[in-house]
Amino acid sequence: MVYCGRPSKGCAPCRAKRTKCDQTRPHCGQCRRAHRECPGYRAEQDAVFRNETSKVVAKAQTGTKWEISMPVSPIRPIELTGDGDVRNLAIDFSAATVQMVERTKVTIRTLSVPLEDEATYYFFHNFVPADPASLTTYSDVLPTVYRQDSSFNALPKIIEAIGLAGISNVKQAPELMVAAGQKYARVLRAITASIQNSKEVSTDQTLMAVMLLGLFETVTCSNPESMRSWTNHVNGATALVRLRGTDQLRTKVGRKLFDNLVVQILIDCLQRRQMIPPDVIEWAEIAAEGETKKAVPERQLIQIIGRLCALRAAVDRPETNDIGVATLANFIDSDLEDWKNSLPPAFSYSIKQSPNTEDVFSHTYHVYKGTWALSVWNVYRCARILTQQVITAWLSRNSMPNPALDQSQRRQSKVLLANLAHDICASAPFILGASNSSVYSSRLPRAAAGASLLWPFYLVATMDQCLTGIRAWIITRLALIGRLMGIKQAESLANVLRTKREITAWDKFETARADEVLDEW
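Read on for a plain summary of the structure. Just so it is clear, the structure is predicted and the values come from calculations on it, not from any experiment. Numbering of residues starts from 1 in every chain and runs along the sequence as written. Reporting in this predicted model follows two pLDDT cut-offs: at least 70 for local features of residues, and 80 or more for side-chain atom pairs to be given and counted; totals over whole chains, interfaces and linings ignore these cut-offs and use all residues. The side-chain figures draw on all heavy atoms in the structure; neither hydrogens nor water molecules are used.

The subject of this paragraph is the environment of Pro 129. Helical segments are the DSSP runs of H or I of at least four residues, strand segments are the runs of E of at least two, and each set is numbered from the N terminus. Within the secondary structure layout, Pro 129 lies in the loop between helix H6 (115-127) and helix H7 (142-147). Between the alpha carbons of Pro 129 and Ala 448 there is a distance of 8.9 Å; along the sequence they are 319 residues apart.

See below:
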């Protein structure tokens, strides 16, 4: 018998949420009020002592393997590699959901592996692919920062917290979410302490840890407050960047960290109709000096989107000239079109057909050379949609002097918005529908790739000119991402779209300024 400590007499959901259970029978009042299933109460003797003898004996004699939905391997997570070419690969979607589940199932080979190590491996396996074609926001810099010698322990702890939260979501294990929340609280305290330390506040590990706080909010998101917290964490990282000064741009790691943060700032400003801070733009230009031609397309897109952010921030101001808004929007749209037409071959993709209507919207899907190219394409598509929405909003209030030109512009915008929405949906099967026939499936960055689809999906689903059936299809894909990839925000967005409510957290929430966030921590 194993003594399990003093037991709680509450039901399982109340124990998991650490709320006081009134222990009424047959179902507790907390569960009834929350409209959730109450499984009842465990026997006290079973709670105090648990007979583990048979399991231990069987484990010792036969080496029985226990399966949980997280990857475990004797190799170090930061050494994961992948290979293969998907340039002309067609994907079989016949068993996409089953195969996605199989890719998340792994075996724990011994009982001696600490839970923290499993959480760390889950994080690297799902969020940090080693394959250059599958780069995500953190993959090109986090392993380097993670290996740096430092007394600062918040970085490994936030990685463990994200890993635990992801496992909890995939396995429906609320006790692991409690552990993740406890680690998250300790990370916040460690970051607060480091900010008071003049040496630690400017380290790469401190900045990386703060940036990962936002990812924790995405994995655990259950309400719009989590989205506001994500924005506040971006503001906090921006404040740290200002404390680090331009010296951070003198090292390769420092520039990569800054570039990763710029992407987050860009998305945040697009979502909330805010201008990109001028000093961030200035430092981005400094960081771009001496860059290779390979990084030029992304840098050019960032510059165009920076102008779009400024335009969207100015649209609702009373003093803004209405005709000037339309003119600038058309200039930005033209620049985005030119950017698309000048992309190098590394960003090319092939278009495939499939009869599968569950995993593929309108029978068409794309095959990219990696998730990085896919993500860049979707950022472009989102920017183009937002630009066209500015133009169509102007057309709803005004008419061009030439009636023929006016009708032509309206038709052009309608067709372009429909094509952009379709392309975003067509990009999803490359992540969500890859099968065992795809060499790409072995190097899939799983949760990181799924998370990159959230905002593009939401933007398409809430368009005024939404394609028939597209909203319902996106809801099923968001639910799939939440259930199989452990991204809670995906389930939250699916629920919002089911009730046809709009999320205001991304564009209307008042958030703390970057220079105030450090005080909040």
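Back to the write-up after that little detour.
So, about the environment of Ala 451. With respect to the element layout, Ala 451 can be found in helix H19 (residues 446-451). Residue classification places Ala 451 among the partly exposed positions, given a relative accessible area of 21%. Only protein chains enter the accessibility calculation, which uses a 1.4 Å probe; a residue is then buried when its area is under 20% of its type maximum, exposed when over 50%, and partly exposed in between.

We note that Gln 172 has phi near 55°; this positive angle belongs to a residue other than glycine. Position of Gln 172 among the secondary structure elements: in the loop between helix H8 (154-171) and helix H9 (174-195).

Bringing helix H15 (residues 322-341) into the picture now. Between the first and last residue of a helix there are one fewer steps than residues, each counted as 1.5 Å, and that sum is the expected span. Compared with the 28 Å implied by 1.5 Å per residue over 20 residues, the 29 Å span of H15 between its first and last C-alpha is a close match. The complete set of buried residues in H15 reads Val 325, Ala 326, Ala 329, Ile 332, Asp 333, Leu 336 and Trp 339. Angularly, the buried residues of H15 cover 145° about the axis, an arc narrow enough to put them on a single face. Across H15 from its buried face, at more than 90 degrees, point the exposed residues Ile 323, Phe 331 and Asn 341. Throughout, the arc means the angular range of directions from the helix axis out to the C-beta atoms.

Turning to the packing of helix H12 (residues 252-272) against helix H13 (residues 278-288), a few remarks are in order. Axis definition: a line fitted to C-alpha atoms, over the contacting stretch in the case of helices. Angles run 0 to 180 degrees between N-to-C directions. Two elements in contact, H12 and H13, have axes whose closest approach is 11 Å; the angle formed by their N-to-C orientations is 140°. Judged by the angle between their axes, H12 and H13 are oblique. The two elements H12 and H13 meet at a crossing, and its hand is left-handed. In contact with Arg 255, Phe 258, Asp 259, Val 262 and Ile 265 of H12, H13 contributes Val 280, Trp 283, Ala 284 and Ala 287. Considered class by class, the residues forming the contact of H12 with H13 number seven nonpolar, no polar and two charged. Just so you know how the angles are binned, under 35 degrees is roughly parallel, over 145 roughly antiparallel, 65 to 115 roughly perpendicular, and the rest oblique. Note: crossing handedness is left-handed where the near helix turns anticlockwise from the far helix by less than a right angle, and right-handed where it turns clockwise. In this description, contact between two residues means that some pair of their heavy atoms is separated by no more than 4.5 Å. Gly is placed with the polar residues, together with every amino acid not listed as nonpolar (Ala, Val, Leu, Ile, Met, Phe, Trp, Tyr, Cys and Pro) or charged (Asp, Glu, Lys and Arg).

Throughout this description, the term salt bridge denotes a Lys or Arg side-chain nitrogen within 4 Å of a carboxyl oxygen of Asp or Glu. For the coordinates displayed, the defined rule picks out 15 salt bridges. With a shortest N-O distance of 3.8 Å, Lys 157 and Glu 160 are connected by a salt bridge. Here the residue Lys 157 and the residue Glu 160 both occupy positions in helix H8, the gap between them amounting to three residues, near one helical turn. Residue classification places Lys 157 among the partly exposed positions, given a relative accessible area of 29%. Taking relative accessible area as the criterion, Glu 160 reaches 9% and is therefore assigned buried. The partner of Asp 204 in a salt bridge is Arg 244, and the shortest N-O contact between them spans 3.0 Å. On the criterion of sequence distance, the pair formed by Asp 204 in helix H10 (residues 204-220) and Arg 244 in helix H11 (residues 224-244) is long-range, its members being 40 residues apart. Comparing Asp 204 with Arg 244, the two get one shared label, buried. Within this structure, Glu 116, Lys 157, Glu 160 and Lys 183 form a network of salt bridges that share partners.

A word on the pairing of strand E5 (residues 350-353). Only one face of E5 is buried: it carries Ser 350 and Lys 352, and the other face, with Ile 351 and Gln 353, is open. For E5 and strand E6 (residues 364-367), the ladder comprises four bridges, and the chain directions are antiparallel. Its bridge partner lying in E6, Gln 353 is registered against Thr 364. Strands are treated as partners if at least two bridges between them are detected by DSSP.

The subject of this paragraph is the nonpolar core. Take the buried Ala, Val, Leu, Ile, Met, Phe, Trp, Tyr and Cys residues and link them wherever side-chain atoms come within 4.5 Å; each set so joined is a nonpolar core. Ranked by internal contacts, the top residues of the largest apolar core, which has 131 residues, are Phe 123, Phe 127, Ile 158, Leu 212 and Ile 474. Ranked by residue count, the leading element in this core is helix H16 (residues 371-397), at 13 residues. Counting residues in hydrophobic clusters, the runner-up holds six residues, among them Cys 11, Cys 14, Cys 21 and Cys 38.

Moving on, we get to the state of the cysteines. In this description, the term disulfide denotes a pair of cysteine sulfurs within 2.5 Å. A complete count under the given rule lists zero disulfides for this structure. With no disulfide partner, Cys 28 has as its closest neighbouring cysteine sulfur the one in Cys 31, 3.5 Å distant. By relative accessible area, which is 0% here, Cys 28 ends up buried.

Moving on, we get to the side chain of Asn 378. Within the secondary structure layout, Asn 378 lies in helix H16. Think of a polar contact as two N or O atoms within 3.5 Å of one another; within protein, one of them needs to be a possible hydrogen donor and the other a possible acceptor, and neighboring residues in sequence only count if both atoms come from side chains. Separated by 2.9 Å, the side chains of Asn 378 and Arg 381 make a polar contact. Apart from residues no more than four positions distant in its own chain, Asn 378 is found in contact with Ile 424, Ser 427, Leu 453 and Pro 456.

Attention now moves to the packing of aromatic side chains. What counts as a ring pair is set by centres within 6.5 Å for rings of Phe, Tyr and Trp (its six-membered ring), and what kind of pair is set by the plane angle: stacked under 30 degrees, edge-to-face over 60, tilted for all other angles. Scanning the entire structure with this criterion turns up 13 aromatic pairs. Ring plane angle 10° and centroid distance 4.3 Å describe the contact between Tyr 184 and Phe 216, whose orientation is recorded as stacked. With Tyr 184 in helix H9 and Phe 216 in helix H10, this pair connects stretches of sequence that are 32 residues apart. Measuring from centroid to centroid gives 5.3 Å for Tyr 349 and Trp 377, while their planes differ by 90°, and the two rings are edge-to-face. Of this pair, Tyr 349 sits in the loop between H15 and E5 while Trp 377 sits in helix H16, placing them 28 residues apart in sequence. On the basis of relative accessible area, Tyr 349 is assigned to the partly exposed category, the value being 25%. Feature note: the residues Trp 339, Tyr 349, Tyr 368, Trp 377, Tyr 380 and Phe 430 constitute an aromatic cluster, connected by ring pairs.

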